[in-house]
Amino acid sequence: MPFLRLAAVLTLALLAALPARAFETRANSAWVYDMTTRTVLLEKNADVPLPPASMSKLMTLELLFDALRDGRVTPDTTFAVSTRAKQMGGSTMFLNELDRPSVRELMQGIAINSGNDACVVVAEGLAGSEEAFARLMTERARALGMTDSTFANASGWPDPGQRMSMHDLGVLAAHIITTFPEYYPLFSETTYNYKDRAPANAHNRNPLLKISAADWHADGLKTGHTEEAGFGLVGSAVMGERRIVFVLSGMASDTERAQEAEAVANWAFRQFVLNTMATKGTQLAEAPVWLGAAPTVGLAPAEDVTLLLPAGAKEGVKAEAVFNGPVQAPVKAGDTLGQLVIHIPGLDEPTTVPLVATADVAEGGFLVRMKTAIGRLSARAFQAASGANS
């Protein structure tokens, strides 16, 4: 029996609304992502590899978090400080060769102070040299699906070989938030001053940490600035059950960066709303079953179908249940049989949700098989007769 790609068009009840107005960002490159619903809200030159400046320090921290997770180091492990690390310019912890900073201190020095010296210390402590560590950064990026990122150093110091796309930075930020929740609170700490050496560089540069919005708050991640890259920010903010990640690059000043970041967060939270369109286990369609004890089986979403919709819409959401059918018996309740494909006004990519069987369907007995065989023979006979008469 050939299996066909079948689709059943569904109607989902939803609020009436107008498409969300597109956000015209001043950033040269941007990516905005709703983590709760895995929805990309905005892309602008998002896959272009660009100088990431200090935003690439997130990759250095990811490798350090991974070393902590698998026990290669502990928060109390100490590293030596090389002359190379001490001589790093830009933002630093003001380390010297006599220091033995702990992993805990280095994490704070990177996340809060943006310490270039701390990044070199971590690189040399984990890989023996910064060059070897940069190769590990690139390898790790590929493993995480970051195809537009290459690294030449651990700090984001200007180098033609140091490139990341804003999409990749957003993927990295979302990965850190979900994979390392025990270390993520570092990014919301506002001050750190190693041995009271750097009061002028003790403050976290993330401008959103200073904002007290009525209904949302930011809690990470990292700023960046060089003359080549301009001013950038990888940020994350939370409102209720929603979390967004956004990446902005190429702005003209720290003031513009702060204004644009706040505007993006407001837009993402105000112009989109969560709606639960169907609940887990609710039958939305039926699939025919081949040689089953029952002729059909119900299809239901494997999880609640919660969509992020443009606030206010006149145009309805279009949804279809797509599956290969007829489904071959036996079927077990919970088997994934297809997908619910949902097209949302104003968003380019459809949302997909697995569809599972709502019940068991055993193989049919002798009578079912006989009935099916007779039906197929009758169909062939009809086709043969029709061909002979034509």
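Residues numbered from 1 in each chain as written. Predicted model: local features only at pLDDT ≥ 70, side-chain atom pairs only at ≥ 80, totals over all residues. Heavy atoms only, no water.

The name given to the protein chain in an unreviewed UniProt entry is serine-type D-Ala-D-Ala carboxypeptidase, with Paenirhodobacter hankyongi as the source organism. Taken verbatim from the UniProt record of the protein chain, the Catalytic activity (unreviewed entry) comment is "Preferential cleavage: (Ac)2-L-Lys-D-Ala-|-D-Ala. Also transpeptidation of peptidyl-alanyl moieties that are N-acyl substituents of D-alanine." Note on the protein chain: under the UniProt heading Pathway (unreviewed entry), the record states "Cell wall biogenesis; peptidoglycan biosynthesis." (UniProt positions renumbered as here; feature names shortened; annotations may be inferred.)

Caption draft 1: Fine view of the UniProt feature "binding site: substrate" (unreviewed entry) in the protein chain. Taking the numbering used here, the UniProt-annotated feature "binding site: substrate" (unreviewed entry) corresponds to K222. Among residues more than four places away in sequence, those in contact with K222 are S54, M55, K57, L58, I110, A111, S114, L233 and V234. Within polar-contact distance, the side chain of K222 engages the side chain of S114 at 2.8 Å. (Contact = heavy atoms within 4.5 Å. Polar contact = N/O pair within 3.5 Å; in protein donor to acceptor, adjacent residues only side chain to side chain.)

Caption draft 2: Representation of the pattern of salt bridges within the structure. Counted by the stated rule, this structure contains 17 salt bridges. With its nearest N and O atoms 2.8 Å apart, the salt bridge here joins R242 to D34. Of the two residues, R242 is situated in strand 6 (residues 242-251) and D34 in strand 2 (residues 29-34); the sequence distance between them amounts to 208 residues. When its relative accessible area of 4% is taken as the criterion, R242 is described as buried. In this structure D34 comes out as buried when scored by relative accessible area, which is 0%. In this structure, E303 and R38 form a salt bridge, with 3.7 Å as the shortest nitrogen-oxygen distance. Residue E303 is found in the loop between strand 9 (296-301) and strand 10 (305-310), and its partner R38 is found in the loop between strand 2 and strand 3 (39-44); the two are separated by 265 residues along the sequence. Look at E303 and you get partly exposed, because its relative accessible area is 34%. (Salt bridge = Lys/Arg side-chain N within 4 Å of Asp/Glu carboxyl O. Helix = DSSP H or I, 4+ residues; strand = E, 2+ residues; numbered from the N terminus. Buried < 20%, exposed > 50% of the residue type's maximum accessible area, 1.4 Å probe, protein only.)

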